[in-house]
Amino acid sequence: MSNKIMTIQLKSGNVKILLRPDLAPKHCERIEQLAKEGFYDHCPFHRVIDGFMAQTGDGVNQDGTGGSSYPDLTQEFSSHPHKRGVVSMARAQDPNSANSQFFICYTDCPHLDNQYTVFGEVESGMDLVDGLKKGHPGSGVVADPDCMESVTVEESV
């Protein structure tokens, strides 16, 4: 099986994420589909909590309240730990409500294990994720957020 790399282009450089279809095949498929359609281009990191995670992927409303036009995904929880650099799907209270939004963990978050679908891991550029504008200490909402300039998925070389 070939590996696929998702590249998030930021103004500060590129973040490379190894997709993990072995953990979450349907979620990886959705991410690749949305990236190919340009859904994530110019999408903000609307919620960034220092010491926890950076969330993005609302290509519709740009504020964390939207998703794609595709149906929500059935969860693909695994025992893979939510550690620094892990990329996981955001969702509402319903475990089967992940759609397009995702987050990158800044630190180990064991309380998220088996609660959210892990679909990737940052291979390079975590320092760029660390440099994203942080949100309000309570809500994590970012007033003037950094954006993903573009997102692509390609076979790794």
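For the structure given in this document, a descriptive report is provided here.

Rules of the game
- Residues numbered from 1 in each chain as written.
- Predicted model: local features only at pLDDT ≥ 70, side-chain atom pairs only at ≥ 80, totals over all residues.
- Heavy atoms only, no water.
- Pairing = 2+ DSSP bridges.
- Helix = DSSP H or I, 4+ residues; strand = E, 2+ residues; numbered from the N terminus.
- Core = buried A, V, L, I, M, F, W, Y, C linked by side-chain atoms within 4.5 Å.
- Buried < 20%, exposed > 50% of the residue type's maximum accessible area, 1.4 Å probe, protein only.
- Phe/Tyr/Trp six-rings, centres within 6.5 Å; stacked < 30°, edge-to-face > 60°.
- Lys NZ or Arg CZ within 6 Å of the ring centre and 35° of its normal.
- Disulfide = S-S within 2.5 Å.
- Salt bridge = Lys/Arg side-chain N within 4 Å of Asp/Glu carboxyl O.

### Structural notes on the pairing of strand β2 (residues 13-19)
- Where strand β1 (residues 4-10) meets β2, six bridges bridge the pair, whose relative direction is antiparallel. From the neighbouring strand, M6 faces β2, where its bridge partner is I17.
- Hairpin connection between β1 and β2: a loop of two residues separates the two successive antiparallel strands.
- Sheet analysis places β2 next to strand β8 (residues 118-124), joined by four bridges and oriented antiparallel. Paired with I17 across the two strands is V122, which belongs to β8.

### Describing unusual backbone geometry
- One non-glycine residue, H42, adopts positive backbone phi at about 65°.
- With respect to the element layout, H42 can be found in the loop between α1 (25-36) and β3 (43-44).
- Residue N114 is not a glycine yet carries a positive backbone phi of 60°.
- Mapping N114 onto the fold places it in the loop between β7 (102-105) and β8.

### A short note on the nonpolar core
- Ranked by size, the top nonpolar core spans 34 residues in total, and within it M6, I8, Y40, F102 and F119 carry the most contacts.
- Where this core is concerned, the elements lending two or more residues are β1, β2, α1, β6 (86-89), β7, β8, α2 (126-130) and β10 (150-155).
- The element best represented in this core is α1, accounting for four residues.

### Details of the packing of aromatic side chains
- Going through the model one piece at a time under the given rule, you end up with four aromatic pairs.
- Geometrically, the ring pair formed by F39 and Y40 is edge-to-face, given 5.5 Å between the ring centres and 80° between the ring planes.
- Overall, the relative accessible area of 0% leaves Y40 in the buried class.
- Among the aromatic residues, ring-to-ring pairing joins F39, Y40, F102 and F119 into one connected group.
- Positioned over the ring face of Y116 is R91, at 4.3 Å from the centre of the ring.

### Looking at the state of the cysteines
- Enumeration according to the criterion identifies zero disulfides in this entry.
- Summary of cysteine pairing: C105 is not part of a disulfide, and the nearest cysteine sulfur, belonging to C109, is at 4.2 Å.

### Some words on the pattern of salt bridges
- For the structure shown, the criterion picks out eight salt bridges.
- K83 is paired through a salt bridge with E121; the nearest N and O atoms lie 3.5 Å apart. With K83 in the loop between β5 (53-56) and β6 and E121 in strand β8, this pair connects stretches of sequence that are 38 residues apart.
- Given a relative accessible area of 32%, K83 falls into the partly exposed group.
- The residue D144 makes a salt bridge to K133 at a minimum N-O spacing of 3.4 Å. Of this pair, D144 sits in the loop between α2 and β9 (147-148) while K133 sits in the loop between α2 and β9, placing them 11 residues apart in sequence.
- When salt bridges with common partners are traced through the structure, they connect R20, D22, K83 and E121 into a single cluster.

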